[in-house]
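# Coordinate analysis (summary)
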Amino acid sequence: MIGNSQLDDITNDIIEAHEQLGLPCEDKTHLAHIITLLHEEQHLHRHISDNEIRVIKNAIRTIPSGKQRVLQRALDNTLFYLHQYCGWQLPQPQNKKLNDTQLAWMQLISLQAHDASRLYNAYREDRHNFLNNRPVLHIGFVTVALSIEVAPLPLAYWADILNRADAIELYEQQLTLVVYHQSKRASNTQQPNYFTRYALTPLLVGYDLITLILRSKRSQQRDYTRGSIRIYQQHLTTSKIRL
């Protein structure tokens, strides 16, 4: 039988995987129910047969009708995670269903393409102004610059980075940004604290971030939040460009 801590880790990973893609996901309780059903079969290889899925769907049908649809979505969430993130092989009919999920993801991205274009064009204006006039650094400008020039990380990551004076390290003669992974599993003290290094461009991004963090270190007022960053992004997409 699967342990509670392991079950908790798996459900957290499934939810996080969907959140990173902006896809909907069922809650931990329903995901845990599906994982328990999957765990009843011994899997020597990363493969789920069509018969196993049929057994799980039959088990779902024995549950009161109000929960059947939710558990079916939880099954889809779990299979999507196992296939996309863990490399499990699924039956062909289920693969077609996953293609529909990937299509929904691409449609979600395309719906945001217009706003992304407005944000990028407005950022270019602010970058030009910064290089020419060197105004006072703004937390939102630095965050958008890092997102475009370094990596498009979630706001929770940037809030953590800009609150850490040790976020920048000189590694092999290169200024790098140290980004700690914020998965719920990584937050467990028994798990190693994984991180990724991103190279910083010294011309713009490196100068901005170093200046901001050093100022923050001197003042000991490292209280940047996702809210303050989001306000600036909204400012770029609304006030800088009027359509």
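Read on for an overview of the structure. The shown structure was predicted, so the numbers you read here are calculated from the model rather than taken from an experiment.

One can find Thr 78 in helix α4 (residues 65–86). For Thr 78, the side chain forms a polar contact with the main-chain oxygen of Ala 74, separated by 2.9 Å. Once residues lying within four places of it in the same chain are set aside, the contact partners of Thr 78 are Ile 14, Leu 31, Ile 34, Ile 35 and Leu 38.

Moving on: the environment of Phe 130. Looking at where Phe 130 falls in the secondary structure, it is placed in helix α6 (residues 113–133). Placed 11 residues apart in sequence, Phe 130 and Phe 141 show a C-alpha to C-alpha distance of 9.6 Å.

Moving on to helix α3 (residues 50–61). Compared with the 16 Å implied by 1.5 Å per residue over 12 residues, the 17 Å span of α3 between its first and last C-alpha is a close match. Restricting attention to buried positions, one finds in α3 the residues Glu 52, Ile 53, Ile 56 and Ile 60. In a view along the axis of α3, the buried residues occupy a sector of 95°, so they form one face of it.

Below, the discussion takes up the pattern of salt bridges. Per the counting criterion, the structure on display carries eight salt bridges. Residues Arg 54 and Asp 50 are paired through a salt bridge, measuring 2.7 Å at the closest nitrogen-oxygen approach. Of the two residues, Arg 54 and Asp 50 are both situated in helix α3; the distance of four residues between them amounts to about one turn of the helix. For Arg 54, a relative accessible area of 41% translates into the label partly exposed. For Asp 50, a relative accessible area of 38% corresponds to the partly exposed category.

On to the sheet that holds strand β1 (residues 168–171), then. Strand order in the open sheet made by the three strands is β1-β2-β3, with antiparallel pairing throughout. The open sheet is flanked by β1 and β3 (195–199), the only strands paired with a single partner. Shown here is a sheet whose adjacent strand axes are inclined to one another by a mean of 40°, direction ignored. Here strand β2 (residues 174–180) runs beside β3; their pairing, made up of five bridges, is antiparallel. Across the sheet, Val 179 pairs through a bridge with Thr 196, a residue of β3.

Thresholds, definitions, all that
- Residues numbered from 1 in each chain as written.
- Predicted model: local features only at pLDDT ≥ 70, side-chain atom pairs only at ≥ 80, totals over all residues.
- Heavy atoms only, no water.
- Helix = DSSP H or I, 4+ residues; strand = E, 2+ residues; numbered from the N terminus.
- Polar contact = N/O pair within 3.5 Å; in protein donor to acceptor, adjacent residues only side chain to side chain.
- Contact = heavy atoms within 4.5 Å.
- Expected span 1.5 Å × (residues − 1).
- Buried < 20%, exposed > 50% of the residue type's maximum accessible area, 1.4 Å probe, protein only.
- Arc of directions from axis to C-beta.
- Salt bridge = Lys/Arg side-chain N within 4 Å of Asp/Glu carboxyl O.
- Pairing = 2+ DSSP bridges.
- Axes fitted to C-alpha atoms, helices over the stretch in contact; angles between N-to-C directions.

By themselves, these are just geometric observations and shouldn't be taken as functional.
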